Amino acid sequence: MSAELIKVNGERVTISPENGTDFKLKELQELVGGYIEIVTMYGHIMVVDEEGLLKHKPYNAVASVISGRPLVGDVVFCTPEMVK
């Protein structure tokens, strides 16, 4: 299974969990650079830095368009089954 890391510069990088099936908390925290928050969507989720606004992280235009709401910082885009 693969997911995407959507970076603030618009780059989209295909990523996979270290164990091949699901992301662990520490992995997600490292990818987004902080405590995680889950943004639910239609069949997918976005994992963002819960404190991204407080940290003044830059606006993520690509992730914001996909989610339909403003998001900041790097974002993990995947299915709910990939986060346990």
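See the structure above.
Residues numbered from 1 in each chain as written. Predicted model: local features only at pLDDT ≥ 70, side-chain atom pairs only at ≥ 80, totals over all residues. Heavy atoms only, no water.

Draft legend 1. Representation of the pairing of strand S2 (residues 12-15). Summarising the sheet, strand S1 (residues 3-6) and S2 pair through four bridges and their orientation is antiparallel. Paired with Leu-5 across the two strands is Val-13, which belongs to S2. Here S1 hands over to S2 after five residues, with Gly-10 in that stretch at a positive phi of 95°. (Pairing = 2+ DSSP bridges. Helix = DSSP H or I, 4+ residues; strand = E, 2+ residues; numbered from the N terminus.)

Draft legend 2. Region of interest: the nonpolar core. Formed by Ala-3, Leu-5, Ile-15, Phe-23, Leu-28, Val-32, Ile-45, Val-47, Val-76, Cys-78 and Met-82, the largest nonpolar core amounts to eleven residues. Looking at this core, the elements that each hand over two or more residues are S1, helix H1 (25-32), strand S4 (45-49) and strand S5 (75-78). (Core = buried A, V, L, I, M, F, W, Y, C linked by side-chain atoms within 4.5 Å. Buried < 20%, exposed > 50% of the residue type's maximum accessible area, 1.4 Å probe, protein only.)

Draft legend 3. Broad picture of the sheet that holds strand S3 (residues 36-40). Across the sheet, five strands lie side by side as S2-S1-S5-S4-S3; this open sheet has antiparallel pairing. Two strands bound the open sheet, and with one partner strand each, they are S2 and S3. For this sheet, the mean inter-axis angle between neighbouring strands, taken without regard to orientation, is 25°. (Axes fitted to C-alpha atoms, helices over the stretch in contact; angles between N-to-C directions.)

Draft legend 4. Local environment of the environment of Glu-27. Its location among the elements puts Glu-27 in helix H1. Considering only alpha carbons, one finds Glu-27 and Pro-17, ten residues apart in sequence, at a separation of 7.8 Å. Glu-27 has contacts with Ser-16, Pro-17, Glu-18 and Asp-22, leaving out every residue within four places of it along the chain. Within the local environment of Glu-27, its side chain forms a polar contact with the backbone nitrogen of Glu-18, the two atoms lying 2.8 Å apart. (Contact = heavy atoms within 4.5 Å. Polar contact = N/O pair within 3.5 Å; in protein donor to acceptor, adjacent residues only side chain to side chain.)

Draft legend 5. Broad picture of the side chain of Glu-4. Looking at where Glu-4 falls in the secondary structure, it is placed in strand S1. Side chain to side chain, Glu-4 and Arg-12 meet in a polar contact 2.7 Å long. When sequence neighbours within four positions are dropped, the list of residues in contact with Glu-4 reads Arg-12, Val-13, Ile-15, Val-75, Val-76 and Phe-77.

Draft legend 6. Molecular detail of the pairing of S5. Burial along S5 is two-sided: Val-75 and Phe-77 facing one way and Val-76 and Cys-78 facing the other are all buried. Relative to S5, S1 is paired through three bridges, and the arrangement is antiparallel. Bridged to Ile-6 within S5 is Val-75. As defined by bridge partners, S4 adjoins S5 across three bridges and the pair is classed as antiparallel. Looking at S5, one finds that Ile-45 is bridged to Cys-78.

Draft legend 7. Local environment of the pattern of salt bridges. Applying the stated criterion to the full structure yields five salt bridges. With a shortest N-O distance of 2.8 Å, Lys-57 and Asp-49 are connected by a salt bridge. For Asp-49, a relative accessible area of 4% gives the class buried. Residues joined in a network through salt bridges with shared partners are Asp-49, Lys-55 and Lys-57. (Salt bridge = Lys/Arg side-chain N within 4 Å of Asp/Glu carboxyl O.)

By themselves these figures say nothing about function.
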